[in-house]
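A look at the structure
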Amino acid sequence: MQKNLTYMAMMIKDGIEQAPIGVFDSGFGGLTILRDIRRVLPQYDYLFVGDNARAPYGTRSRELVYEFTLQAVKHLFKQGCHLIILACNTASAEALRTIQQQDLPTLAPDRRVLGVVRPTVEKVGELTRTGHIGVFGTPGTIASRSYNIEIEGMYPDFKVHGHACPMWVPLVENRESDGDGADYFVKKDIDLLMSQCPEIDTVILGCTHYPLLINKINQFRPEGVNIIQQGPIVADSLADYLQRHPEIERHCSRGGTCRYFTTEDPDHFSPLASVFVNEPVNAQRVIL
C-alpha cells in the first residue's frame with residue numbers, strides 16, 4: 001500500500017517533480033483549515049493525513065507531540081510533498097519550530113513545513129483596539145504559551161490572556177456543537193476568559209475544531225469582541241506564500257483533487273470528516 005500511495009502522489013511534469021500539498025492534523029480539526037485552503041486555492045492537489053489513532057495531541061507532552069509530528073512530516077515527504085501545512089495548533093506550537101530549525105536542514109532543505117500560529121497572530125494587529133488579546137485553545141496549546149510568545153514578539157505592547165477549553169473538542173467530535181450541552185461549556189469558558197481582563201476585544205480560536213462552535217461562540221461573546229477564525233487567514237497566507245515562493249509552488253501539482261488518510265479506522269473517520277469539509281470523504285488508513 002505504501003508503494004502504491006507514493007506512486008499515486010508524485011508525478012513528473014516538464015522535468016519537475018510535483019506532488020500534492022500535504023496537510024497534517026492530529027485529528028479532525030485541521031479539516032476546517034483544509035476546507036478554507038481549498039476554497040481559496042482549488043487548483044492544487046491536497047493530501048490530508050489525520051493521526052486520529054493517537055489524538056488528541058493537546059494533552060500530550062511536548063516530546064511526544066514533536067515525535068508524532070515529525071513522523072507525519074517524514075511520511076508526507078515520502079509521498080513527494082514539497083510543502084506541508086501543520087493544520088494543528090498543538091503541532092504548530094510545540095513541534096514546528098524544532099522541525100524547521102533542527103530537522104529540515106538535513107532531512108529536506110529544499111522543502112517547507114508551515115504552521116497556523118504565525119499567520120493568525122499577524123491578523124491580531126489589524127483588529128484590536130485595546131491591545132488585550134484572548135486565546136482559546138487546548139491545554140497543550142495554552143500551556144506552550146506559543147501565542148503569547150508570537151504576539152508579544154510581534155506586538156510588544158499587547159497583553160495575551162489564554163484559556164484552555166478541554167471540553168470543546170469532545171463537543172465537536174460528538175456532534176454536540178449546536179446542542180444544549182454546548183451552551184453551558186461555551187458560555188462558561190467565555191465568561192472565564194473575560195473575567196481575566198474585561199478589556200479583551202479580540203479572541204483567537206486557537207484550535208481548528210472551534211470554528212464548528214462558532215454559532216455558540218457568537219451567541220455568548222460580549223458585544224464588540226472580535227473572533228478570529230484561522231481557516232480563512234491561513235488560506236490567504238498560503239496563497240501569498242506560494243506567490244512569493246515560485247521555487248516551492250512549481251512542485252505543487254495542479255489537479256484539483258484531495259485525498260484523505262487516517263491512522264484510525266477509515267469507516268469511523270470518514271463520516272465525521274465529511275461534517276468538517278461539507279462534502280463526502282472516502283478515507284484510507286495509513287501507518288506513520
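Heads up: these notes are all about the structure in this document. (Residues numbered from 1 in each chain as written. Predicted model: local features only at pLDDT ≥ 70, side-chain atom pairs only at ≥ 80, totals over all residues. Heavy atoms only, no water.)

**Focus on the overall build of the chain**
Under the convention used in this document: To qualify as a helix, a DSSP run of H or I must reach at least 4 residues; to qualify as a strand, a run of E must reach at least 2; elements of each kind are numbered from the N terminus. Radius of gyration here uses only the C-alpha atoms, and the compact-globule reference equals 2.2 Å multiplied by the residue count raised to the power 0.38. Think of it in three bands: residues with accessible area under 20% of the maximum for their type are buried, residues over 50% are exposed, and the middle band is partly exposed, with areas taken using a 1.4 Å probe on protein chains only. We get accessible surface area from the Shrake-Rupley algorithm with a probe of 1.4 Å; when it comes to residues, only the shown protein chains can shield them. Lys and Arg are tallied as positive, Asp and Glu as negative. Neither His nor the chain termini are counted. Charged groups are reduced to one reference atom each: NZ for lysine, CZ for arginine, CG for aspartic acid, CD for glutamic acid.
A count of helices and strands for the chain gives 14 helices and 12 strands. In terms of overall dimensions, the chain is globule-like: its C-alpha atoms have a radius of gyration of 18 Å, near the 19 Å expected for 288 residues. Structurally, the chain occupies a C-alpha span of about 55 × 40 × 35 Å along its principal axes. Per-residue burial over the chain gives 55% buried out of 288 residues. Accessible area of the chain: about 12700 Å², with a carbon and sulfur share of 50%. Averaging the coordinates of the 28 positive side-chain charges in the chain and doing the same for the 34 negative ones gives two points 4 Å apart.

**Comments concerning the packing of helix 6 (residues 117–127) against helix 8 (residues 146–154)**
Convention followed: Lines fitted to C-alpha atoms define the axes here, with helix axes fitted over just the stretch in contact, and angles between the N-to-C directions of these axes take values from 0 to 180 degrees. Each angle gets one of four labels, with under 35 degrees taken as roughly parallel, over 145 as roughly antiparallel, 65 to 115 as roughly perpendicular, and the rest as oblique. Crossing chirality is assigned from the near helix's rotation relative to the far helix, an anticlockwise turn below a right angle marking it left-handed and a clockwise turn marking it right-handed. Two residues form a contact once any of their heavy atoms are found within 4.5 Å. For this classification, Asp, Glu, Lys and Arg are treated as charged, while Ala, Val, Leu, Ile, Met, Phe, Trp, Tyr, Cys and Pro are nonpolar and the rest, including Gly, are polar.
Remark: helix 6 packs on helix 8, axes separated minimally by 10 Å, with the N-to-C direction vectors making an angle of 50°. Compared by their axis directions, helix 6 and helix 8 come out oblique. Seen from above, helix 6 lies across helix 8 with right-handed handedness. Within the contact between the two elements, helix 6 uses V117, R118, T120, V121 and E122 and helix 8 uses S146, Y147, E150, I151 and M154. Looking at the contact of helix 6 with helix 8 residue by residue, the classes come out as five nonpolar, two polar and three charged.

**Section: the sheet that holds strand 3 (residues 21–25)**
This is how it is decided: Only strands that DSSP links by at least two bridges are regarded as paired with each other.
The strand order across the open sheet built from six strands is 6-5-3-4-11-12, with neighbouring strands paired in parallel fashion. Two strands close off the open sheet at either side, each with one partner strand: strand 6 (112–114) and strand 12 (284–285). For strand 11 (residues 258–262) and strand 12, the ladder comprises two bridges, and the chain directions are parallel. For T262, the partnering residue across the bridge sits in strand 12 and is R285. In this fold helix 2 (residues 30–40) packs onto strand 3, strand 4 (46–50) and strand 11, with an angle of close to 170° to the strand it touches most, strand 4. Where helix 14 (residues 266–277) meets the sheet, its contacts fall on strand 4, strand 11 and strand 12, and the angle it forms with strand 11 comes to roughly 135°.

**Some remarks on the sheet that holds strand 9 (residues 202–205)**
The pairing of strands in a sheet comes from backbone hydrogen bonds and takes either a parallel or an antiparallel form. Strand order in the open sheet formed by four strands is 8-7-9-10, with parallel pairing between adjacent strands. Strands at the two margins of the open sheet, each flanked by one partner only, are strand 8 (159–164) and strand 10 (226–228). Across the sheet, the axes of successive neighbouring strands diverge by a mean angle of 25°, strand direction being ignored. Those strands touched by helix 8 are strand 7 (132–137), strand 8 and strand 9, and its axis lies near 165° from that of strand 8.

**Side note on unusual backbone geometry**
A cis amide bond links A55 to the next residue, P56, at an omega of 0°. With respect to the helices and strands, the residue P56 is situated in the loop between strand 4 and helix 3 (62–78). With a phi close to 55°, R145 is a non-glycine residue in the positive phi region. The residue R145 is located in the loop between helix 7 (139–144) and helix 8 in this model.

**What to know about the packing of aromatic side chains**
Cut-off, in case you're wondering: Side-chain rings of Phe, Tyr and Trp (the six-membered ring for Trp) are treated as a pair once their centres are within 6.5 Å; stacked means planes under 30 degrees apart, edge-to-face means over 60, and tilted covers the remaining angles.
If you walk through the whole model with that rule in mind, you get 10 aromatic pairs. On the basis of an interplanar angle of 50° and a centroid distance of 4.9 Å, the ring pair of F136 and W168 is categorised as tilted. Of the two residues, F136 sits in strand 7 while W168 sits in helix 9 (residues 168–173), which places them 32 residues apart along the sequence. Under the relative-accessibility criterion, F136 is labelled buried at 2%. Taken together, a centroid distance of 5.0 Å and an interplanar angle of 80° make the contact between Y184 and F185 edge-to-face. By the ring-pair criterion, three or more aromatic residues cluster together here, those being F28, F48, Y260, F269 and F276.

The quantities given are spatial measurements derived from coordinates; they are silent on function.
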